[in-house]
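A structural walkthrough
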Amino acid sequence: MKQFLQRVVEGSDLSRDEMREAAREMFKEETPDVQIAGFLLSLRTKGETVDEIVGLVDVLQEKALPFSKKPIAYMDNCGTGGDGSQSFNVSTTSAFVLAAAGCHVAKHGNRSVTSRSGSADVLEVLNISLTLSATQTERVLQEANIAFLFAQHVHKSMKRVMKVRKDLGVPTILNLIGPLTNPFPLQYQVLGMYRGDLLEKFAHVLHELGRKRAVVIHGADGVDEASLSGENKLVFLEEGKIRTEILCPEDVGLARYSLQDIRGGDATQNAQLLQNILNGTAPQAYVDTVLFNAGIGLYVAEKANTIAEGVHLARQIIENSSAKEALETLQQSMDRIQEVAQ
């Protein structure tokens, strides 16, 4: 580890292969915490390159719960979190709309860090198991078009560096790469980021990771999803080409709302809110936020030709109860698995 730490301290960039080797050292029990902390801080000070980010992700995927690499167009819409907006669980709710549209959603997520309720907390209230085996997860995904990948369960190797990350008390690359480490071979990805300065870099990372189509979003007011409160910056990856677009809610037929209008609560409150949105009975600001984000996802997943068309399709999916049925199908699949386990 020392040799890689020395190089990064001196401002040198590591190749993808060198970063893989450094990451493997970082996750070894015998590597001193102080070296791991120094390496992470030096990377941050220097600025992580695309190759360095990809190399780290390679190792995390290599050490993850092993899933089969079936030729299926898997999708994820996990954000980085960390925006401190205290909103409800936008991407988790939107994931059920995507699943109802026929997307194969391998939904990566974790417990809350800066909000009162992370995706894992909400799904736990909805009786969605966080600790399925790889085989069980694939079975659920096949039956329900959606499965949840609890980061702490899927990436047990991360436990080695979590104490270091917590003790540092400042954000490092580990705070940003969670959505990149999905162990399924994703074709499509919607990645929300609280760091607006890294969108193009992460679009290049997604290209190196083999995504066919993806978008990296920095929302109005700095949130890690598309926001109804103003201008959103989106960087699209489409067949290897990268382009940037500024998108406002009125561009796709939606009204503006402030972040205050979509405040979330604790896990129980957000689970009820999720169900109300899928039932079409939640306040309009919550529903429209899901329509906005699901519409972008449906465009990325080639289920709609434009984002506006995706928003329209998302609205139909909620109004005809297909999104609600997607949640019910997932819960029923969970029930069957638990019965077999008993």
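Residues numbered from 1 in each chain as written. Predicted model: local features only at pLDDT ≥ 70, side-chain atom pairs only at ≥ 80, totals over all residues. Heavy atoms only, no water.

1. A look at the nonpolar core
Within soluble globular proteins, side chains that are nonpolar tend to cluster in buried spots. Among the nonpolar cores identified, the biggest contains 75 residues, and F96, V97, I296 and I307 are the most heavily contacted of them. Per element, the largest residue contribution to this core is 11 residues, and it comes from helix 12 (residues 284-300). Once you skip the residues sitting within four places of it in the chain, V97 turns out to touch L278, V290, A294, A314, I317, I318 and A323. (Core = buried A, V, L, I, M, F, W, Y, C linked by side-chain atoms within 4.5 Å. Buried < 20%, exposed > 50% of the residue type's maximum accessible area, 1.4 Å probe, protein only. Helix = DSSP H or I, 4+ residues; strand = E, 2+ residues; numbered from the N terminus. Contact = heavy atoms within 4.5 Å.)

2. Some remarks on the side chain of T31
Of note, T31 is situated in the loop between helix 2 (16-26) and helix 3 (33-46). When residues no more than four places from it in sequence are discounted, the contact partners of T31 are M1, E25, M26, I36 and R160.

3. Observations regarding the packing of helix 4 (residues 50-62) against helix 10 (residues 199-208)
Across the interface, helix 4 lies against helix 10 with an axial gap of 9 Å and an inter-helix angle of 50°. The orientation of helix 4 relative to helix 10 falls into the category oblique. Crossing of helix 4 against helix 10: the hand is right-handed. Across from V50, I53 and V54 in helix 4, the residues of helix 10 making contact are K201, F202, H204, V205 and E208. Residue composition of the contact of helix 4 with helix 10, grouped by class: five nonpolar, one polar and two charged. (Axes fitted to C-alpha atoms, helices over the stretch in contact; angles between N-to-C directions. Parallel < 35°, antiparallel > 145°, perpendicular 65-115°, else oblique. Left-handed = near helix turned anticlockwise from the far one by under 90°. Nonpolar A, V, L, I, M, F, W, Y, C, P; charged D, E, K, R; others polar.)

4. A closer look at the packing of helix 1 (residues 2-9) against helix 3
As a packed pair, helix 1 and helix 3 sit with axes 9 Å apart at the nearest point and diverge in direction by 25°. The orientation of helix 1 with respect to helix 3, classified from their angle, is roughly parallel. Both helix 1 and helix 3 take part in a crossing whose hand is left-handed. Contact residues: K2, F4, L5, V8 and V9 in helix 1; Q35, G38, F39, S42, L43 and K46 in helix 3. In the contact of helix 1 with helix 3, the residues fall into six nonpolar, three polar and two charged.

5. What to know about empty space enclosed by the protein
Here the idea is plain: a probe the size of a water molecule rolls over the atoms and shows the empty space left. Evaluated as defined, the whole model comprises two cavities of 30 Å³ or more. Estimated volume of the largest cavity: approximately 50 Å³. F67, S129, L130, L132, T137, F148, L149, F150, H153 and V154 are the residues that line the largest cavity. Mapped by element, the contributors of at least two residues to the lining of the largest cavity are strand 3 (146-150) and helix 8 (151-154). No other element matches the three residues that strand 3 contributes to the lining of the largest cavity. (1 Å grid on protein atoms, 1.4 Å probe; cavity = no way out; pocket = protein on both sides within 12 Å on 5 of 7 lines; lining within 4 Å. Points joined across faces, edges and corners; volume = space filled by probe spheres on them.)

6. Some remarks on helix 13 (residues 307-319)
Across its 13 residues, helix 13 extends 18 Å between first and last C-alpha, which sits within 8% of the 18 Å expected from 1.5 Å per residue. Along helix 13, the residues classified as buried are I307, G310, V311, A314, I317 and I318. Each buried residue of helix 13 lies within a common arc of 120° when the element is viewed along its axis, so the set occupies one face. Looking one or two residues beyond helix 13, the residue adopting positive phi is S321, at roughly 70°. (Expected span 1.5 Å × (residues − 1). Arc of directions from axis to C-beta.)

7. Considerations on the packing of aromatic side chains
Using the criterion set out here, one finds four aromatic pairs in the structure. Connected via pairs of aromatic rings, a cluster forms that spans F67, Y74 and F184. A cation sits over an aromatic face here: R213 above Y299, 4.8 Å from the ring centre. Between the NZ or CZ atom of R243 and the centre of the ring of F236, over which it lies, the distance is 4.3 Å. (Phe/Tyr/Trp six-rings, centres within 6.5 Å; stacked < 30°, edge-to-face > 60°. Lys NZ or Arg CZ within 6 Å of the ring centre and 35° of its normal.)

8. Remarks on the pairing of strand 7 (residues 241-247)
On a regular strand, each side chain points to the face opposite its neighbour's, so the side chains alternate between the two faces of the sheet. In the sheet, strand 6 (residues 232-238) pairs with strand 7 via seven bridges, with the strands oriented antiparallel. Within strand 7, the residue paired with L237 across the bridge is I242. Taken together, strand 6 and the strand that follows it, strand 7, pair antiparallel across an intervening segment of two residues, in which E239 is found at a positive phi of about 55°. (Pairing = 2+ DSSP bridges.)

9. Examining the pattern of salt bridges
Enumeration over the complete set of coordinates arrives at 22 salt bridges. We note a salt bridge from E62 to R24, for which the minimum N-O separation is 2.8 Å. One end of the pair, E62, is in helix 4; the other, R24, is in helix 2, with 38 residues separating them in the sequence. Residue classification places E62 among the partly exposed residues on the basis of a relative accessible area of 46%. Between D33 and R160 there is a salt bridge, with its nearest N and O atoms 3.1 Å apart. Placement of D33 in helix 3 and of R160 in helix 9 (residues 159-168) is noted, with a sequence separation of 127 residues between them. Through salt bridges with shared partners, a single ionic network connects R16, D17, R20, D58 and E208. (Salt bridge = Lys/Arg side-chain N within 4 Å of Asp/Glu carboxyl O.)

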